[in-house]
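Secondary and tertiary structure notes
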Amino acid sequence: KAGVTQTPRYLIKTRGQQVTLSCSPISGHRSVSWYQQTPGQGLQFLFEYFSETQRNKGNFPGRFSGRQFSNSRSEMNVSTLELGDSALYLCASSLWQGIGEQFFGPGTRLTVL
Amino acid sequence: AQTVTQSQPEMSVQEAETVTLSCTYDTSESNYYLFWYKQPPSRQMILVIRQEAYKQQNATENRFSVNFQKAAKSFSLKISDSQLGDTAMYFCAFMKQSGTSGSRLTFGEGTQLTVNP
């Protein structure tokens, strides 16, 4: 069974631009969560989607948004990029919300110049 | 809110030896999971082991085992017969168990483990 895939793997943007990251979960998994990893803040939860609905949201500004499609694929969008948004963005999927382990994708490395 | 603390930023061990990584957590929840993930230089986050809080028996996966002390809110990871491929950042993580309130992992700061030849 294929693992979690994320595209693109690397992105370079400039301040003020917007970016969309994509995540395809493991086949059959319904829950998709997003995390931001930075050297200073560590791993922080962004949000989770289950059955096309946002179920949980972390403490991030409204510039960070996401959505989930009927096939469970998810996208996250960051508008008006800031230098501090430079990070590794990790997507994780699980069979069901709040049950069992999450499996992570390889991440998208976003650099904001 | 839950917190997870890993007090050892860095550790090193000789190949074939045993090493224990520490993790403590704080929660008022009764039903939850605890996980250890490893993140090698490739940055791919890999699940090492999981423990359900209601289970008294400590989880074991091959060379990896945990010491789960629920009352003390402690969850340590023991790696036996360490291998060079075990070199990675190890994260302890907490997740409330619920089929309705969603999945949200709370991570510790991480422990960088280096296995020396």
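The paragraphs below set out a description of the structure included in this document.

Definitions and limits used
Residues numbered from 1 in each chain as written. Chains lettered and ligands numbered in written order. Predicted model: local features only at pLDDT ≥ 70, side-chain atom pairs only at ≥ 80, totals over all residues. Heavy atoms only, no water. Helix = DSSP H or I, 4+ residues; strand = E, 2+ residues; numbered from the N terminus. Buried < 20%, exposed > 50% of the residue type's maximum accessible area, 1.4 Å probe, protein only. Polar contact = N/O pair within 3.5 Å; in protein donor to acceptor, adjacent residues only side chain to side chain. Contact = heavy atoms within 4.5 Å. Phe/Tyr/Trp six-rings, centres within 6.5 Å; stacked < 30°, edge-to-face > 60°. Buried area = accessible area lost by both parts, 1.4 Å probe. Salt bridge = Lys/Arg side-chain N within 4 Å of Asp/Glu carboxyl O. Nonpolar A, V, L, I, M, F, W, Y, C, P; charged D, E, K, R; others polar.

1. A closer look at the side chain of Gln102 of chain A
Here Gln102 of chain A shows up in the loop between strand S9 (87-94) and strand S10 (103-104). Since its relative accessible area comes to 1%, Gln102 of chain A is described here as buried. Among the polar contacts made by the side chain of Gln102 of chain A, one reaches the side chain of Tyr35 of chain A at a distance of 3.1 Å. Leaving out residues up to four positions away in the same chain, Gln102 of chain A has contacts with Ser33, Tyr35, Ala92, Ser93 and Ser94 of chain A together with Tyr37, Met95, Ser103, Arg104 and Leu105 of chain B.

2. What to know about the packing of aromatic side chains
Within this structure, the stated rule accounts for 17 aromatic pairs over all chains. When the ring of Tyr35 of chain A is compared with that of Phe107 of chain B, the centres are 5.7 Å apart and the planes differ by 85 degrees; the resulting orientation is edge-to-face. With one member in each of two chains, Tyr35 of chain A in strand S4 (residues 31-38) and Phe107 of chain B in strand S11 (residues 106-107) form a pair that bridges those chains. Accessibility assignment for this pair places Tyr35 of chain A and Phe107 of chain B in one class, buried. Here Tyr25 of chain B and Phe94 of chain B contribute two aromatic rings whose centre-to-centre distance is 6.3 Å and whose plane-to-plane angle is 35 degrees, an arrangement assigned as tilted. Here Phe94 of chain B lies in strand S10 (residues 88-96) and Tyr25 of chain B lies in strand S4 (residues 24-26), a separation of 69 residues in the sequence. Across the pair, Phe94 of chain B and Tyr25 of chain B agree in class, each one buried. Grouped by ring-pair contacts, the aromatic residues Tyr35, Phe45 and Phe104 of chain A together with Tyr33, Phe35, Tyr37, Phe91 and Phe107 of chain B constitute a single cluster.

3. With respect to the interface of chain B and chain A
In many reports, interface size means the accessible area that the parts give up when they come together. Tallying the contact residues gives 22 residues for chain B and 25 residues for chain A. In total, chain B and chain A occlude about 1,900 Å² of area from one another, counting both sides; carbon and sulfur atoms represent 48% of this. There are one salt bridge connecting chain B and chain A. Across the salt bridge formed by Glu101 of chain A and Arg50 of chain B, the nearest N and O atoms sit 2.1 Å from each other. Of all the elements in the fold, those that place two or more residues in the side of chain B that touches chain A are strand S5 (32-39), strand S6 (46-52) and S10 of chain B. Here the element with the most residues in the side of chain B that touches chain A is S5 of chain B; it accounts for four residues. Of the residues that constitute the side of chain B that touches chain A, the class distribution is nine nonpolar, nine polar and four charged.

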